[in-house]
Amino acid sequence: IAMNRFRVKAGREAAYEKRWADRKSQLGLREGFRFFCMLRRADGFGPPPEDDVNFISCTIWESKENFDAWRTGDAFKEAHGGGTIGGIASMLLATARNTKGKPKLASWEGLMPQSTTPSTPPAAWKQVEADGVTQLDGEAFVAMNRFSVVEGSEDAFEARFANRESTLMSFDGFKGFMLLRREGTADDGFTHSTWSLWRDRAAFEVWRDSEKRAGKPKPAAGGGGPPPNIFVRPPVPTFYESILVLESAKGV
């Protein structure tokens, strides 16, 4: 899973979304492609986050080799200014107008995936009309809970999740789930994260409220629990509207 984190300037959100909607891309037809969306930070979930990352591009691949093949190929150049001097200059100018600083890449391995079958046929890219004034309508909802796990406790943390009994597939509006394990150095301190995709915010909230009523999920017999100091700091929940959603025939 490749995530590029952007800090979009206040008032430039719609213009930024238009740049993505208007791009030419063959991403959805690449070998190993599974899912793409642009994550837009959702409002109404407590105080502002500790960082000002408000947009994240999220691409899911079957393997890192598939991602690397796309990143080094012509399809990547087409989606990033076409590989021409004029196209790259235009992209850099738009980036300077719309965002604060350069995007930061975060790479993850996806563990324990669950997915439903997409209802839309595969496409090269999501065709959406954008005027640069009004922000795009949300197409899905993504909930993430980010974790900073103490070094040496990673196996215990992942085992805790592996031993849970999941009921996600039984909920209306559920589309996909993965536990994410950070690749490389975590510049923000987060070593793991949950990632769940829902039809909309209402569907997610039905599941969340059911979890609260039932209490925290218990591990399977013999699963044990994490050591008291498994977290460097408390988990940080973050929520996003998803736009420009693109899925393969296999789903997430």
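The rules behind these values
Residues numbered from 1 in each chain as written. Predicted model: local features only at pLDDT ≥ 70, side-chain atom pairs only at ≥ 80, totals over all residues. Heavy atoms only, no water. Helix = DSSP H or I, 4+ residues; strand = E, 2+ residues; numbered from the N terminus. Buried < 20%, exposed > 50% of the residue type's maximum accessible area, 1.4 Å probe, protein only. Contact = heavy atoms within 4.5 Å. Areas by Shrake-Rupley, 256 points an atom, 1.4 Å probe, with all protein chains shown as cover. Phe/Tyr/Trp six-rings, centres within 6.5 Å; stacked < 30°, edge-to-face > 60°. Lys NZ or Arg CZ within 6 Å of the ring centre and 35° of its normal. Pairing = 2+ DSSP bridges. Axes fitted to C-alpha atoms, helices over the stretch in contact; angles between N-to-C directions. pLDDT = per-residue confidence, 0-100. Core = buried A, V, L, I, M, F, W, Y, C linked by side-chain atoms within 4.5 Å. Salt bridge = Lys/Arg side-chain N within 4 Å of Asp/Glu carboxyl O.

Trainee: Can you help me understand the overall build of the protein in this one?
Mentor: Helix and strand content of the protein: six helices and eight strands. N-terminal to C-terminal, the α/β element order of the protein is β-α-β-β-α-α-α-β-β-α-β-β-α-β. A burial count over the protein gives 42% of its 252 residues as buried. Taking all contacts inside the protein whose residues are at least 6 apart in sequence as the whole, residues at least 24 apart take part in 84%. Accessible surface for the protein amounts to roughly 13400 Å². Of this, 53% is attributable to carbon and sulfur atoms.

Trainee: Any chance you could explain the packing of aromatic side chains here in plain terms?
Mentor: Here the distance between the centres and the angle between the planes together describe a pair of aromatic rings. Throughout the structure, instances matching the rule amount to 25 aromatic pairs. Aromatic side chains W198 and W207 sit 5.8 Å apart centroid to centroid with 35 degrees between the ring planes, which places their arrangement in the tilted category. What makes W198 buried here is its relative accessible area of 0%. Cluster of aromatic residues (ring-pair linked, three or more members): F45, F141, F174, W198, F204, W207 and F239. Over the ring of W20 we find R23; its NZ or CZ atom is 3.9 Å from the centre of that ring. The ring centre of F161 lies 4.5 Å from the NZ or CZ of R164, which sits over that ring.

Trainee: Hey, could you run me through the sheet that holds strand β5 (residues 140–149) in this one?
Mentor: Within a beta sheet, neighbouring strands are joined by backbone hydrogen bonds and run either parallel or antiparallel to one another. Read around the closed barrel, eight strands run β1-β3-β2-β8-β5-β7-β6-β4, paired in antiparallel fashion. Averaged over all pairs of adjacent strands, the angle between their axes in this sheet comes to 30 degrees, without regard to strand direction. Note: strand β4 (residues 104–115) against strand β6 (residues 174–182), six bridges, orientation antiparallel. In the strand pairing of β6, G110 is matched with L180.

Trainee: Hey, could you run me through the confidence of the model for the protein in this one?
Mentor: Low-confidence regions, as indicated by low pLDDT, have predicted coordinates that should not be scrutinised in detail. Per-chain confidence: the protein averages 88 in pLDDT, with 87% of residues scoring 70 or above. Of the regions scoring below 50 in pLDDT, residues 217–227 engages in 15 contacts with residues more than four places distant in sequence or in other chains.

Trainee: Teacher, can you tell me more about the nonpolar core here?
Mentor: Looking at soluble globular proteins, one finds that nonpolar side chains tend to be buried together. Ranked by size, the top nonpolar core spans 21 residues in total, and within it I1, M3, F35, L39, M144, L180 and W195 carry the most contacts. Contributions of two or more residues to this core are made by β2 (33–41), β3 (55–61), β4, β5, β6, β7 (192–198) and β8 (231–247). Of all hydrophobic cores here, the second largest spans 20 residues; its members include V8, W61, F67 and L246.

Trainee: Would you take a moment to explain the pairing of β2 for this structure?
Mentor: Regular strands have side chains that alternate between both faces of the sheet. Most of β2 is tucked away: nine of the nine residues are buried. Summarising the sheet, β2 and β3 pair through seven bridges and their orientation is antiparallel. Along β3, the bridge assignment pairs M38 with S57.

Trainee: I tried to follow unusual backbone geometry on my own but got confused; where do I start?
Mentor: One can expect most non-glycine residues to show negative phi and most peptide bonds to be in trans. Its identity as a non-glycine residue notwithstanding, M112 has a phi of 55 degrees, on the positive side. Position of M112 among the secondary structure elements: in strand β4. Looking at M112, the relative accessible area reads 29%, which means it is partly exposed. Phi at L244 takes a positive value of approximately 55 degrees, unusual for a residue other than glycine. By the element assignment, L244 lies in strand β8. Given a relative accessible area of 1%, L244 falls into the buried group.

Trainee: Help me understand the pattern of salt bridges, please; the structure alone is not making it clear to me.
Mentor: Proximity of charged atoms lets side chains of opposite charge pair with each other. On inspection of all chains with the given rule, the structure shows 22 salt bridges. In this structure, K175 and E247 form a salt bridge, with 3.9 Å as the shortest nitrogen-oxygen distance. One end of the pair, K175, is in strand β6; the other, E247, is in strand β8, with 72 residues separating them in the sequence. Here K175 matches E247 in class, with each residue buried. Residue D200 pairs with R199 through a salt bridge whose shortest N-O separation is 3.4 Å. Look at the salt bridges and you will find they share partners, linking R5, R182, D187 and D188 into a network.

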